[in-house]
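# Examination of the molecular architecture
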Amino acid sequence: MFPIQRPRRLRRSETLRALVRETVVRVDQLIYPVFIRPGTGMKQPVSSMPGIYQWSVDLLIEHLEEVFTQGVRSFLFFGIPVHKDSEGSEAYRPDGIVQLALQAVKERLPEAVLIADLCLCEYTDHGHCGILRDDQVDNDRTVDLLAKAAVVQARAGASVVAPSDMMDGRVTVIRKALDVAGFDEVPIMSYASKYASGFYGPFREAAENAPSFGDRRAYQMDPANRREALKEVFLDIEEGADMLIVKPALPYLDVLSDVRQAVQIPIAAYQVSGEYAMIKAAGQMGWIDERRVAEESLLSIKRAGADMIITYFAPEFARWSSEK
Ligand code: PBG
């Protein structure tokens, strides 16, 4: 009679496996990050992220129309400004690059969810996520500027704002500013637990936001800390966050799982540039099967508890799914 339980019974055919499958990655829960640069007719490859480009607004619109048709409906906007300064002023100028892109894409794709990444690092000449006082980021002055930028983004058509700066207390101040300006229905998706990670390497080429001195360890979280993620998450919820982000994703699945168990609100996990680049590079070398590993990574992130996944693979995943 040995053995009574034979788990292999349910693995015998693909139809049976599909019937008992626990986790699914849905294309309409993927968020595709895009980089926008000034000019027209620009589609500039990011060398460390094959398949990812810096787009001028005109070509971005065409690209997103195509991606939208394939089923990816949510986009996260990053800007490479014309002009950087010590106060990151293009982040909160009405004619800043992301604001122009939001207006244009909203007009063409009114149903898309347009998420504005809210941070100063792309806009400051020193590349830090806020304004400096004696080589340290000044938390409270930065928060006021972020709130100003949030209102400008909402006015330009952002459906959601996503603060990624990791300043303390910013959700409270951003919420209040949005409400006062009449944007009480614009949700905040906060990067609640964002680690000071080496996996952001390729992003710094894509968004041209590498800090000119030092690093971000004085404001982003220490990779060694797991319990602290919950502290950050609860603070952001108390302050009014509608959705949370855990970032990076694959190296932090323990954190993601903890957060999933602790909170009720929707959670996004950010599969960051370095995660993408590693899969692409090993795939190009022929060392792994890119599609299989990409799909398995996204599935793992979902299985660990993410509702949504921010991923550079979004358009490819949509294409792969339609080929199945
Ligand atoms: C900006 C920001 C970063 C990322 C998203 N928003 C970079 C950083 O904090 O240095 C990284 C995303 C990625 O690596 O894909 N604050």
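This text follows the structure it describes.
Let me begin by describing the structure that accompanies this report.

Scoring rules and cut-offs
Residues numbered from 1 in each chain as written. Predicted model: local features only at pLDDT ≥ 70, side-chain atom pairs only at ≥ 80, totals over all residues. Heavy atoms only, no water. Core = buried A, V, L, I, M, F, W, Y, C linked by side-chain atoms within 4.5 Å. Buried < 20%, exposed > 50% of the residue type's maximum accessible area, 1.4 Å probe, protein only. Helix = DSSP H or I, 4+ residues; strand = E, 2+ residues; numbered from the N terminus. Contact = heavy atoms within 4.5 Å. Near = heavy atom within 4 Å. Polar contact = N/O pair within 3.5 Å; in protein donor to acceptor, adjacent residues only side chain to side chain. Areas by Shrake-Rupley, 256 points an atom, 1.4 Å probe, with all protein chains shown as cover. Nonpolar A, V, L, I, M, F, W, Y, C, P; charged D, E, K, R; others polar. Pairing = 2+ DSSP bridges. Salt bridge = Lys/Arg side-chain N within 4 Å of Asp/Glu carboxyl O.

Residues Phe75, Phe77, Leu178, Met189 and Tyr270 are the most contacted members of the largest nonpolar core, which totals 112 residues. Per-element accounting of this core gives the leading share, 10 residues, to helix α4 (residues 139-156). Those residues in contact with Leu178 that sit more than four places away from it in its chain are Ala150, Val151, Ala154, Val161, Phe183, Asp184, Val186 and Ile188.

This brings us to the site of the ligand. The environment of the ligand is formed by 18 residues, the closest being Arg204, Arg216, Lys247, Ser273 and Tyr312. Taking Arg216, its side chain carries an N or O atom lying 2.8 Å from an oxygen atom of the ligand. Tyr312 is positioned with one of its side-chain polar atoms (N or O) 2.6 Å from an oxygen atom of the ligand. Considered on its own, the ligand offers 400 Å² of accessible surface; in the complex 100% of this is hidden by protein. For the shell around the ligand, the per-class residue count stands at nine nonpolar, four polar and five charged.

Quick reminder: α-helices carry 3.6 residues per turn. Residues three or four places apart thus point the same way. Regarding helix α11 (residues 314-323), the residues found buried are Ala314, Pro315, Glu316, Phe317, Ala318 and Trp320. Where α11 is buried, its residues meet β1 (30-36), α2 (57-69), α9 (273-284), α10 (290-304) and β12 (308-311).

So, about the pairing of β12. Here β12 shows two buried faces, one formed by Met308 and Ile310 and the other by Ile309 and Thr311. Bridging between strand β11 (residues 267-271) and β12 involves four bridges; their strand directions are parallel. If you follow Gln271 over to β12, its bridge partner there is Thr311.

Structurally, Trp320 can be placed in helix α11. Under the relative-accessibility criterion, Trp320 is labelled buried at 10%. Distance in space between the C-alpha atoms of Trp320 and Glu295 is 9.2 Å, their sequence separation being 25 residues. Discounting chain neighbours no more than four positions away, the residues touching Trp320 are Glu290, Arg291, Ala294, Glu295 and Phe313.

Moving on, we get to the pattern of salt bridges. Under the criterion given, the structure shown has 20 salt bridges. Residue Arg37 is joined to Glu208 by a salt bridge in which the shortest nitrogen-to-oxygen separation is 3.9 Å. Pair noted here: Arg37 is in the loop between β1 and β2 (43-45) and Glu208 is in the loop between α6 (201-206) and α7 (227-239), with a separation of 171 residues, a long-range link. Accessibility expressed as a relative area gives 17% for Arg37, which makes it buried. Of the charged contacts in the structure, one is a salt bridge between Arg175 and Asp242, with a shortest N-O distance of 3.8 Å. Taken as a pair, Arg175 in helix α5 (residues 170-180) and Asp242 in the loop between α7 and β10 (243-247) lie far apart in primary sequence, 67 residues in all. Among the residues examined, Asp242 registers a relative accessible area of 33% and is labelled partly exposed. Residues joined by salt bridges that share partners form a network here, namely Glu14, Arg17 and Arg21.

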